[in-house]
Amino acid sequence: VQGDHKRGDQGAAQSSYVTDREAVWQAFCGLRNDAAPVTLRFDGVETAYSALVVDVDHRRVVLEGIQPASGDLLLRAGRPFSLSARAHGAFIYAPRNVSEPVDTDSPTGTRFLMALPEKLLWQQRRRAPRFSLPAALRGPRARLTLTHGRETVSGMVEDLSASGCRAVFDAAAAPVVAARD
C-alpha cells in the first residue's frame, strides 16, 4: 500500500492515517487476496470477532464468515464496530464502521456490506524493508555479497516467509556493516 509512512530517528516505524482512496482500496484488496482474517470489535462488548473480506470495490467492502456466530446479531442490529487486521508486516485499523446484511444464502454465513472507510490508521510493523525472492533463490543456496571500495562482506539469504527474506552476515562483518549503515 502506498502512503505517507514516516520513520522516526531510530528507524522505528510510525503510525499514519492513509486517506488516499486508492491506497485504502489496495489495503482491502490485499486482505481479500490473502484471505487474511480481520478483527471486529464492538463498543461495550468484550468478545473480539473475526471475519473475512470476500469482495471489495472503490465504494464498499463485503465481509463474511463472522466468528463467533453471535457477531451476526450485532452486525444485523447496525452496531458500530472497529475493524483491524495484520497483513504484510502492517497493522491497519478503521474505526466506526456499520454494515448491513446481504446475500443471506451464502454457504459460509451471512455476508455484510460496509462502506469503504474514508481513512485507515496504517502502522508498518517491520523496522527493516523486506524483499521478495524468486523461487529459484529461496533456501540455503543464496549468498549475498556487498562491496564498498576495498571492503567486501558476505552473508546468507534466509527465507522468512512465502515472499520475504533477510540477509544474515558473518559475525566478523558486523563492524563493517554497522560502520556503513
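Cut-offs used in this document
Residues numbered from 1 in each chain as written. Predicted model: local features only at pLDDT ≥ 70, side-chain atom pairs only at ≥ 80, totals over all residues. Heavy atoms only, no water. Helix = DSSP H or I, 4+ residues; strand = E, 2+ residues; numbered from the N terminus. Buried < 20%, exposed > 50% of the residue type's maximum accessible area, 1.4 Å probe, protein only. Lys, Arg positive; Asp, Glu negative; His and termini not counted. Salt bridge = Lys/Arg side-chain N within 4 Å of Asp/Glu carboxyl O. Contact = heavy atoms within 4.5 Å. Pairing = 2+ DSSP bridges. Axes fitted to C-alpha atoms, helices over the stretch in contact; angles between N-to-C directions.

Peer 1: I keep staring at the side chain of Asp72 and nothing clicks. Help me out?
Peer 2: Along the chain, Asp72 falls in helix H2 (residues 71-76). For the buried Asp72, which has no salt bridge, the nearest side chain bearing the opposite charge is Arg76, at an N-O separation of 4.8 Å. Leaving out residues up to four positions away in the same chain, Asp72 has contacts with Ile66, Thr110 and Phe112.

Peer 1: Got a minute to help me understand the sheet that holds strand E4 (residues 60-67) in this structure?
Peer 2: In any sheet, the strands associate via hydrogen bonds between backbone groups, in a parallel or an antiparallel arrangement. Here nine strands make up an open sheet; going across it, the order is E1-E9-E6-E5-E2-E3-E4-E8-E7 and the pairing antiparallel. Strands with a single pairing partner mark the edges of an open sheet, and in this sheet they are strand E1 (15-18) and strand E7 (99-102). Shown here is a sheet whose adjacent strand axes are inclined to one another by a mean of 35°, direction ignored. Bridging between E7 and strand E8 (residues 111-115) involves four bridges; their strand directions are antiparallel. Of the residues in E8, the one forming a bridge with Val102 is Arg111. Most of the contacts of helix H1 (residues 21-34) go to strand E3 (residues 49-56), to which it runs at about 110°, and overall it touches E1, strand E2 (37-42), E3, E4, strand E5 (81-87), strand E6 (90-97) and strand E9 (120-124).

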